[in-house]
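Structural overview for review
Each chain, letter by letter, is given below.
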Amino acid sequence: MSTWQRLWDNSAVKFGVIVLGLLIVLAAVAPWLGTVDPAAMDSANINTALGTHGSFALLDGSSIAHTFWFGADSFGRDIYSRVIYGTRVSLLIGITTAVVAIGIGAVLGMLAGYFRLVDGLLMRFMDGLMAIPAILLAIALVAALGAQLWTVVVAIAVPEIPRVTRLVRSLVLTLREEPFVEAAKALATPTPVILLRHILPNALAPLIVQGTFVAASAVLTEAVLSFLGLGLPADVPTWGNIMAEGRVQFSQYPSNVLFPALFLVPTVLAINLLGDGLRDVLDPKFAKR
Amino acid sequence: MSVLAIQNLSVALPAGADRAQAIENVSLSIEAGETLCVVGESGSGKSVMATAVMGLLAKGLRAIGGRVQLHGEELLTASPARLRALRGKAMGMVFQEPMTALNPVMRCGDQIAELLKTHTDWKPAQIGREVLQILERVKLPEPSRMAASYPHQLSGGQRQRIVIAMAMVLKPALLICDEPTTALDVTTQKEILALIAELQREQGCAVLFITHDMGVVAEIANTVLVMHQGHAVEQGARDAVLLRPQAQYTRMLLAAVPGMRPPAARPQAQGGALASASAVGKNYVLRDWLGRGRVTWALQDAALAVHAGETVGIVGESGSGKSTLARCLMRLIDPSSGEIHWGSHEVARLRESRLRPLRSHIQVVFQDPNRSLNPRRKVGASLIEGAVNFGASHQEAAQAAAVLMHKVRMPQEALLRYPSQFSGGQRQRLAIARALACKPKVLVADEAVSALDVSVQAQILDLLREVQAEFGLGLIFITHDLRVAAQLCDRVIVMHQGRIVEQGTTAELYASPKQAYTKALFAAAPADLTLPDHAA
């Protein structure tokens, strides 16, 4: 049975792939799903109730017929449009953070695991990095550099890098003692080639699994940062921003917080389940069962 | 009534396995005080039988027919609770790897006491006395210290004694031993076999002993059951099976067992050494947090030379420094002292960049066929790696690899597959081909046949002899198995605790070992089989 087949037979993987696939499609076709500009405000529609059929005044003054499926917020922005467009931001941040953290962590981990001289220095630095609480670091970075997509990605990725580095380092420490690595050394294979062709491919499965967990935590952390007003600017439609805005009038309009949450929870769940399933199939040694 | 009676037992394998049944229609019976050896190669189903008796069949395996009776009580249909009560009390089990059979975070004494607490209603004081008593009976020095020790603080042999103590403390009627000495050194193996035999005499229990080693069978069995591919191919009294084997498979198995008698000596090698080491030492320095070092010598003052067409054996138990010596000679690790010559080059302290072009001179085949080829690369990629590193074009290297596949008797298509699609013996052939691909002068075989079944072992030894003759290789053969060394080596070096204790031509050394350690090592080797053709 091929690895793909075994992956698809795993129900956690199947659920994760289907849900994430739907979200990606949703994010891609957002403009054609009956949405309006998510940043546009229409003073006539402040706090419109959910399900109202009405019209939405666009920035150029013209007006179009629009259904407020999820209602409108206190600035008259359409929550349905904001939530759908928010999928783009969340997925983008989840994926870029995972790629950045895994990429940098893998390189540093391989250096630390293979070269004894760098190991001590690098790992003590990583220990130091791990001692900084992730949220505090994010607050400091965003305060110093301003709230942009890349600062948020860096703020979330940096605290993840030491964890990835540690994982890769421990994998490399075992792999470098494997006979096939020693044989490659005896065959005069240059060290960078040993690292890339012999060690990295054998460390890939746990790395992919770790990547999904980083992505899930990035999606969540981005929402937390936005909710605290430390993430992306308030006009950018992110699930955290929508919830932060809705928090003020939570008692009158609870749906403003509810709808972004209804997207956030399944997204994080799907990514985590995907990771669990991948680990069970690709990396049975670390499976919980 | 026999203690254990198995009638027509069949166990089904999950769908998609290489055969339908792990064991098919196997019957046996063991009387009290008797030892039955189940012998067979890997995959023969011998361990499945042990787990079926214990009611511990792995997930996916299912007994589909037959009966397993302990003192007349049916075990296959017994409830899990009843089986749990029987395990330990009526049947004990000793496993191959004592480190994994023991709980690493629990003191050894507590692990034995736990068993007694579960199966008896004794008072704590009585349990404590019993624990010390059983530790004494398995001949562990200072029982009270052993009881307070954690498994990692004990040696392999001591750990196996603890496992035996756990299996025997409730005086079971049946003791099941699944390869209990395979992970141990020969001298330790001898002691453990003697201990099992002695406990059996005292308690009169029946022993079901599973092994792949005919030498062990010759030493301890009353009756023998030979298994192959899930079938019982031959069954009978030990002497009948070993001396007058009926089944073709048994004969093949016995013929493949190497003897202790070396074949006739070959003429001595001429010319300069292809590779040599003199006064080589390797130490490891452990530093505490203040930077104070503690030096441990893994290898001291070792010398070795190998000539064209010659096979030099390095034998010793685990931790004797034999692999360290070979790795220093290959410069896979850096020696702390001494000189190493590859032909005319002195390489002991050469930088890696200067060393790399010379590395084709000496190549290696490792022990574990599962791990000696990169599982994520196709065999072809692994085979051309060396030749390409030494300047051949991809095309030349691929052609050379195809020729080598023929030489090691593997099909060309193997180059396009992944290592996991081959058996252990086949992978070892591929590893040999990989080493030969960069045209070495010296080949190091580090326990290259130790993980293989005897029949496969014989084939790989033949292959090594063949390629050695064809390419005039100097062969350094590292093994813990004196019988294998006798078959292949011209000269043998005996190592113990990081030093060479004795060396000489194989014939001389085996005929009259001089040092006390060498004598002990030879005495501990499993009994030489008196094969049918020798007996005549």
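Quick look at the overall build of chain B now. The number of helices and strands found in chain B is 21 helices and 20 strands. For a compact globule of 536 residues, the expected C-alpha radius of gyration is about 24 Å, and chain B comes in at 25 Å, within 12% of that figure. Taking the principal axes of the C-alpha coordinates as reference, chain B spans close to 75 × 55 × 50 Å. Per-residue burial over chain B gives 45% buried out of 536 residues. Taking the contacts inside chain B whose residues are at least 6 apart along the sequence as the reference set, 69% of them involve residues at least 24 apart.

All names here are of chain B. The antiparallel open sheet is built from four strands, whose spatial order is E12-E11-E14-E15. Strand pairing shows two members of the sheet lacking a second neighbour, strand E12 (293-306) and strand E15 (345-346), which therefore form its edges. When strand E11 (residues 275-287) meets strand E14 (residues 337-342), the two strands line up antiparallel, connected through five bridges. Each residue of the ladder has a partner; that of alanine 277, found in E14, is isoleucine 340.

Counting from both sides, the interface comprises 14 residues of chain A and, opposite them, 21 residues of chain B. Those elements giving two or more residues to the side of chain A that touches chain B turn out to be helix H7 (179-186) and helix H8 (191-227) of chain A. Take the side of chain A that touches chain B: its biggest share by element is seven residues, from H7 of chain A. Of the residues contributing to the side of chain A that touches chain B, the split by class is eight nonpolar, three polar and three charged.

Turning our eyes to something else, we now look at the sheet that holds strand E2 (residues 21-30) of chain B. All names here are of chain B. Ordered by their spatial adjacency, four strands build an open sheet running E2-E1-E4-E5, and the pairing between neighbours is antiparallel. Taken across any chain shown, the strands that pair with only one partner, and hence form the sheet edges, are E2 and strand E5 (73-74). By the bridge criterion, two bridges tie strand E4 (residues 62-70) to E5 in an arrangement that is antiparallel. Bridged to leucine 70 within E5 is glutamate 73.

Attention now moves to the nonpolar core. Judged by nonpolar contacts, the single largest core of 145 residues is most densely connected at Ala437 and Ile476 of chain B. The dominant element in this core, judged by the number of residues it contributes, is H8 of chain A, at 16 residues. Other than its neighbours up to four places away in sequence, alanine 437 of chain B contacts Leu383, Ile384, Gly386, Ala387, Ala400, Ala401 and Leu404 of chain B. Counting 84 residues, the second largest nonpolar core, distinct from the first, contains Cys205, Ala218, Val224 and Val257 of chain B.

Interfaces are frequently sized by the accessible area removed from exposure as the parts join. Residues and elements named next belong to chain B. Parsing chain B into structural domains produces domain 1 (34-55 + 81-255) and domain 2 (275-535). The centre of domain 1, based on its C-alpha atoms, is set 33 Å off from the matching centre of domain 2. With 19 residues of domain 1 at the interface, the matching set in domain 2 holds 17 residues. At the level of elements, helix H8 (186-203), helix H9 (214-220), helix H10 (238-243) and helix H11 (248-256) are the ones that each hand at least two residues to the side of domain 1 that touches domain 2. Considering every element that reaches the side of domain 1 that touches domain 2, the biggest residue donor is H9, with five residues. Residues belonging to the side of domain 1 that touches domain 2 are distributed by class as follows: nine nonpolar, four polar and six charged.

Looking at where isoleucine 192 of chain B falls in the secondary structure, it is placed in helix H8. In this structure, the C-alpha to C-alpha distance between isoleucine 192 of chain B and glycine 157 of chain B, residues 35 residues apart in sequence, is 7.4 Å.

Of all 11 residues making up helix H14 (residues 379-389) of chain B, eight are buried, and the element is well covered by its neighbours. Among the residues of H14 of chain B, those classed as buried are Val379, Ser382, Leu383, Ile384, Glu385, Gly386, Ala387 and Asn389 of chain B. Buried positions along H14 of chain B lie against H7 of chain A together with helix H15 (394-407) and helix H16 (424-436) of chain B. Residue glycine 391 of chain B follows H14 of chain B closely and has a positive phi angle near 105 degrees.

This paragraph deals with the packing of H14 of chain B against H16 of chain B. Packed helices, taken two at a time, are described by the angle between their axes plus the distance between the axes. Residues and elements named next belong to chain B. At their nearest, the axes of H14 and H16 sit 7 Å apart, and the two run at 30 degrees to each other. Classified by the angle between their axes, H14 and H16 sit roughly parallel to one another. Contacts between H14 and H16 involve Val379, Ser382, Leu383 and Gly386 from the former and Leu430, Ala433 and Arg434 from the latter. Per-class residue counts for the contact of H14 with H16 are four nonpolar, two polar and one charged.

This next bit is on the pairing of strand E10 (residues 231-237) of chain B. For a regular strand, the rule is simple: side chains alternate between the two faces of the sheet. Residues and elements named next belong to chain B. Two strands pair when backbone bridges link them, and strand E9 (residues 223-228) and E10 are joined in this way by six bridges, in the antiparallel orientation. Looking at the pairing, methionine 227 lines up with alanine 232 of E10. Here E9 folds back onto E10, and the loop between the two strands holds two residues, one of which, glutamine 229, carries a positive phi near 55 degrees.

This next bit is on the packing of helix H3 (residues 79-114) of chain A against helix H6 (residues 149-175) of chain A. Closest axis-to-axis distance for the H3 of chain A/H6 of chain A pair is 6 Å, and the angle between their directions is 40 degrees. The crossing of H3 of chain A and H6 of chain A is right-handed.

All names here are of chain B. For strand E1 (residues 4-12) and E2, the ladder comprises six bridges, and the chain directions are antiparallel. Bridging across to E2, isoleucine 6 finds its partner in leucine 28. By the bridge criterion, seven bridges tie E1 to E4 in an arrangement that is antiparallel. Within E4, the position partnered with glutamine 7 by the bridge is arginine 67.

As a further point, take the confidence of the model for chain B. In low-pLDDT segments, the atomic positions of the prediction should not be examined closely. Per-residue confidence for chain B gives a mean pLDDT of 89, with 98% of residues at or over 70. Prediction confidence for the complex, expressed as pTM and ipTM, is 0.81 and 0.79 respectively.

What counts, and where the lines are drawn
- Residues numbered from 1 in each chain as written.
- Chains lettered and ligands numbered in written order.
- Predicted model: local features only at pLDDT ≥ 70, side-chain atom pairs only at ≥ 80, totals over all residues.
- Helix = DSSP H or I, 4+ residues; strand = E, 2+ residues; numbered from the N terminus.
- Rg over C-alpha atoms; globule rule 2.2 N^0.38 Å.
- Buried ≥ 20, exposed ≤ 12 C-beta atoms within 10 Å, placed from the backbone.
- Contact = placed C-beta atoms within 7 Å.
- Pairing = 2+ DSSP bridges.
- Nonpolar A, V, L, I, M, F, W, Y, C, P; charged D, E, K, R; others polar.
- Core = buried A, V, L, I, M, F, W, Y, C linked by C-beta atoms within 7 Å.
- Domains from an automatic or database assignment.
- Axes fitted to C-alpha atoms, helices over the stretch in contact; angles between N-to-C directions.
- Parallel < 35°, antiparallel > 145°, perpendicular 65-115°, else oblique.
- Left-handed = near helix turned anticlockwise from the far one by under 90°.
- pLDDT = per-residue confidence, 0-100.

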